[in-house]
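Fold and contact review
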Amino acid sequence: MTEGHQVALTVNGIPRAAHVPARRLLSDFLRHDLGLTGTHVGCEHGVCGACTVLVDGRPVRSCLLFAVSVDGASVTTVEGCCEPDGSLGPVQQAFWDRHGLQCGFCTPGFVTTITAYLEENPDPTEDEAREAIAGNLCRCTGYQNIIASVLRAADLRRGVRA
Amino acid sequence: MRLVKPSPFVYHRPTTLDQVLEILAEVGADGKVLAGGQSLIPLMSMRLAAPAHLVDINHVDGLDRVETERDGVRVGATARHAAVERNPAAFASVPLLRQALVHVAHPTIRNRGTTVGSLAHADPSGEMTAVLALLGGTVTLAGRGSERTVGAADFFQGPLESAVRPDEVAVEAFFPAPEGRTGSAWAEVSRRHGDYAVCGVGALVTLDDDLRVTASVVGLISVGPTPVVVDVSDALAGQPHDTADVVAAGALVRAAVDPEPDIHATAEYRRHLAGALTERALRDAARAAGASVDGGDA
C-alpha cells in the first residue's frame, strides 16, 4: 500500500490542502480533491495542453506533475485568470470578443498559457502569437480565431477597448 | 478512477544528495529518480514504467545550477531546459545549447523538463543527447561514496539506456565550448512543430584565419539506437566557408547512418533527411563561424 501525503498549495491565491496518494497527478488533485474542474484533462500524457496551469507563474502540464512534488507551490488555474471582482480577465474577454472557442474543452489550457505568455511578451506579432500557442491542441477552431484572441488580449491588457 | 494512471509507488523527498544516494542504495533497481518527469510521468501513466520507489530530487539544494566557465557550461540535475535555454552566458559560450533546446518539445514542457534528465533518459530522438555527443561532453554520476564522469560515447548505451546505475544519480552534465573559430547550428524535421524529430542534425564547423574549413562534424538524432556523430571534415577541409561542398558531406552522412523504419518514416526517408539536414546545418554553422569576429572562445 501507498501511504498518503498531505499536500498544501496556494491555488488562485487561496491556501488549499488535501491528503492524497503519492501518485495523484496535479490535474486530478485540482479536479477531484479541490473540485476545481476548470482545468481540463485531455490526453493525460502531455501532448494536448488542455491541463496547462501556472506553477509559480510558469505554464506547465498539470498531468505531468505529481501533486506531492509541488507541495508548497503557488498554482494559477483558469478560474484564477479573472479580474479580482470575478469578471472576465483580459484573455478570457479576448476569447469572447474574437470567438476563440467553440466546444471550449481546450480553452482552459489556452487561457493559462496565453496569460503567462503575455506577461513576458506583452506585444506579440501574429507569428509570435502563433508560436505561443503551438503547444496546445484545438480540434474546433482551426486556430485562426485563437491567434486573433492572443492579439486582442494584448490590446485589452494595454487598455485598448476598440 | 480510470486506469490510465500511474501504479502506486513510495514517494521519497530527500533534501540532500547524501539522502538521495542512501535511498537509491537501499531500494536498488526498484527505485527511479524523479527530476522534471516530463518523460517519466507519461511512461508511468501509460504503465510502461512502474517503479516501486520514486526519489524526487527537486527539493535538493544546489542541483539547479547553470554555470558558464571559461571552457564550457555546467548544468545541474534539476536545471530546467528553459533555464539553460534562456541563460545568456551559456548561449554565448555554447550557442548550440539554445539552438537545439528550442526544438525540445514545447516551452511548457521545457519549463519543467530538465536537461540532465533528458540525457539520463537517453531517448535517441532527444536533441540534447546529440548535443552532448557532438560537443564531446560528459555526465557526472554520483553514487554512495563514489563519483565518476562518463563521456558521451560511453554514456549512451542504447535506446532509453544510459550508463547510470540503479544506485547512482546523474548530478551534472558538462557541455564543452567549441574551440577556435567555430560556428554551430541545428536543423530538424518533425511531423508537427514540437513533436519528436523524424530526424535532427547538429553541426559544428571550424574555420582558420582565411575562413577556410579546418574541421566539421555533425551529430544526429532519430537515426540509430544512440546519437550518431559523423566527422565530415574530409568532405569540407580546406574549402572556403561560404562555398564548401556540403552536398558531399551529406552523402558521407547518408552512407554512415543506418536508420530504422517506423510508423512515421521509412528508413530510406530518414536517410534522405539525414543528408539534407546535414547540408542545411553545415551551411548555417559555416555562416555562423564566418560571421564570428573574435575567433571563438577568446
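If you're wondering where the values come from, they're calculated on a predicted model, not measured in any experiment. (Residues numbered from 1 in each chain as written. Chains lettered and ligands numbered in written order. Predicted model: local features only at pLDDT ≥ 70, side-chain atom pairs only at ≥ 80, totals over all residues.)

1. Comments concerning the domain arrangement of chain B
Residues and elements named next belong to chain B. Under the domain assignment used here, chain B contains domain 1 (10-56), domain 2 (66-176) and domain 3 (181-291). Computed from C-alpha coordinates alone, the two centres of domain 2 and domain 3 are separated by 20 Å. At the interface, 19 residues of domain 2 touch 20 residues of domain 3. At the level of elements, helix H5 (95-101), helix H8 (127-135) and strand S8 (156-158) are the ones that each hand at least two residues to the side of domain 2 that touches domain 3. (Domains from an automatic or database assignment. Contact = placed C-beta atoms within 7 Å. Helix = DSSP H or I, 4+ residues; strand = E, 2+ residues; numbered from the N terminus.)

2. A few points about the sheet that holds strand S14 (residues 228-231) of chain B
Adjacent strands of a sheet pair through backbone hydrogen bonds, lying either parallel or antiparallel. All names here are of chain B. Spatial ordering of the open sheet is given by S11-S12-S13-S14, a layout of four strands whose pairing is antiparallel. Each having just a single partner strand, strand S11 (181-190) and S14 make up the two edges of the open sheet. The mean inter-strand angle of the sheet, taken between neighbouring strand axes irrespective of direction, is 15 degrees. Strand direction decides the pairing type here: S11 and strand S12 (residues 197-207), joined by ten bridges, are antiparallel. Pairing of Ser190 across the sheet is with Ala197, part of S12. Against the sheet, helix H12 (residues 267-291) contacts S11, S12 and strand S13 (213-221), and its axis sits at roughly 35 degrees relative to S12. (Pairing = 2+ DSSP bridges. Axes fitted to C-alpha atoms, helices over the stretch in contact; angles between N-to-C directions.)

3. Re the packing of helix H11 (residues 246-256) of chain B against H12 of chain B
All names here are of chain B. Following both chains from N to C, one finds H11 and H12 inclined at 145 degrees, their axes separated by 8 Å at the closest point. When the axes of H11 and H12 are compared, the crossing they make is right-handed. Of the residues in H12, those in contact with Val246, Val247, Ala249, Gly250, Ala251, Val253 and Arg254 of H11 are Arg271, Ala274, Gly275, Ala276, Thr278, Glu279, Leu282 and Arg283. Of the residues contributing to the contact of H11 with H12, the split by class is eight nonpolar, three polar and four charged. (Left-handed = near helix turned anticlockwise from the far one by under 90°. Nonpolar A, V, L, I, M, F, W, Y, C, P; charged D, E, K, R; others polar.)

4. Regarding the environment of Ile133 of chain A
Residues and elements named next belong to chain A. Of note, Ile133 is situated in the loop between helix H4 (126-132) and helix H5 (144-157). Among the residues examined, Ile133 registers 23 C-beta atoms within 10 Å and is labelled buried. Taking C-alpha positions, Ile133 is 7.3 Å from Ile114, a pair spaced 19 residues apart along the chain. Non-local contacts of Ile133, meaning those with residues more than four positions away in its chain, are made with Phe110, Thr113, Ile114, Ile146 and Val150. (Buried ≥ 20, exposed ≤ 12 C-beta atoms within 10 Å, placed from the backbone.)

5. Some thoughts on the interface of chain B and chain A
Facing the 24 residues of chain B at the interface are 21 residues of chain A. Of all the secondary structure elements, the ones that give two or more residues to the side of chain B that touches chain A are strand S1 (10-12), helix H2 (40-45) and helix H6 (107-110) of chain B. Classifying every residue of the side of chain B that touches chain A gives twelve nonpolar, nine polar and three charged.

6. Thoughts on the confidence of the model for chain B
Here chain B averages 95 in pLDDT, and 97% of its residues register 70 or above. In the predicted assembly, ipTM is 0.94 and pTM is 0.95. (pLDDT = per-residue confidence, 0-100.)

7. A word on the packing of helix H2 (residues 90-97) of chain A against H5 of chain A
Residue and element names in this part refer to chain A. Put simply, H2 and H5 touch, their axes get as near as 8 Å, and they point 130 degrees apart. Here H2 is positioned oblique relative to H5, judged by the angle of their axes. As H2 runs across H5, the sense of the crossing is right-handed. Residues Pro90, Val91, Gln93, Ala94, Phe95 and Asp97 of H2 lie in contact with H5, whose contacting residues are Ser149, Arg152, Ala153, Leu156 and Arg157. Taken together, the residues of the contact of H2 with H5 break down into six nonpolar, two polar and three charged. (Parallel < 35°, antiparallel > 145°, perpendicular 65-115°, else oblique.)

8. Concerning the domain arrangement of chain A
All names here are of chain A. For chain A, the assigned domains read domain 1 (4-80) and domain 2 (90-157). Relative placement of domain 1 and domain 2: their C-alpha centres are 21 Å apart. Between domain 1 and domain 2, the contact holds 16 residues from the first and eleven residues from the second. Among the elements that make up the side of domain 1 that touches domain 2, the one with the highest residue count is strand S3 (residues 52-55) (three residues).

9. Let's talk about the sheet that holds strand S2 (residues 14-21) of chain A
Residues and elements named next belong to chain A. In spatial order, the strands read S2-S1-S5-S3-S4; together these five strands make up an open sheet with mixed pairing. Looking at which strands have only one partner, the edges of the open sheet turn out to be S2 and strand S4 (58-61). Direction aside, neighbouring strands of the sheet carry axes that sit 40 degrees apart on average. Two strands pair when backbone bridges link them, and S3 and strand S5 (residues 74-76) are joined in this way by two bridges, in the antiparallel orientation. Looking across to S5, one finds that Val55 is bridged to Val75.

10. Re the pairing of S2 of chain A
Residue and element names in this part refer to chain A. Where strand S1 (residues 4-11) meets S2, eight bridges bridge the pair, whose relative direction is antiparallel. When the bridges of S2 are listed, Val7 appears paired with Ala18. Connecting S1 to the next strand, S2, in antiparallel fashion are two residues, including Asn12 with a positive phi near 50 degrees.

11. Looking at H8 of chain B
In terms of burial, H8 of chain B is a largely internal element, nine of the nine residues being buried. Just beyond H8 of chain B, the residue with positive phi is Gly136 of chain B, at close to 70 degrees.

12. Some details on the environment of Ala148 of chain A
Structurally, Ala148 of chain A is set in helix H5. According to the C-beta neighbour criterion, Ala148 of chain A is partly exposed, with 19 such atoms within 10 Å.

13. Brief notes about unusual backbone geometry
With phi around 50 degrees, Asn12 of chain A is a residue other than glycine that occupies positive phi space. Along the polypeptide, Asn12 of chain A turns up in the loop between S1 and S2. For Asn12 of chain A, a count of 19 C-beta atoms within 10 Å translates into the label partly exposed. Look at Ala122 of chain B: it is not a glycine, yet its phi comes out positive at around 55 degrees.

14. What about the pairing of strand S6 (residues 138-143) of chain B?
Walk down a regular strand and you will see the side chains alternate between the two sheet faces. Residues and elements named next belong to chain B. Across six bridges, S6 lies against strand S7 (residues 146-151) in antiparallel orientation. Pairing of Thr138 across the sheet is with Gly151, part of S7. Here S6 folds back onto S7, and the loop between the two strands holds two residues, one of which, Gly145, carries a positive phi near 75 degrees. Bridge analysis of S6 against strand S10 (residues 169-176) gives five bridges, and the strand direction is antiparallel.

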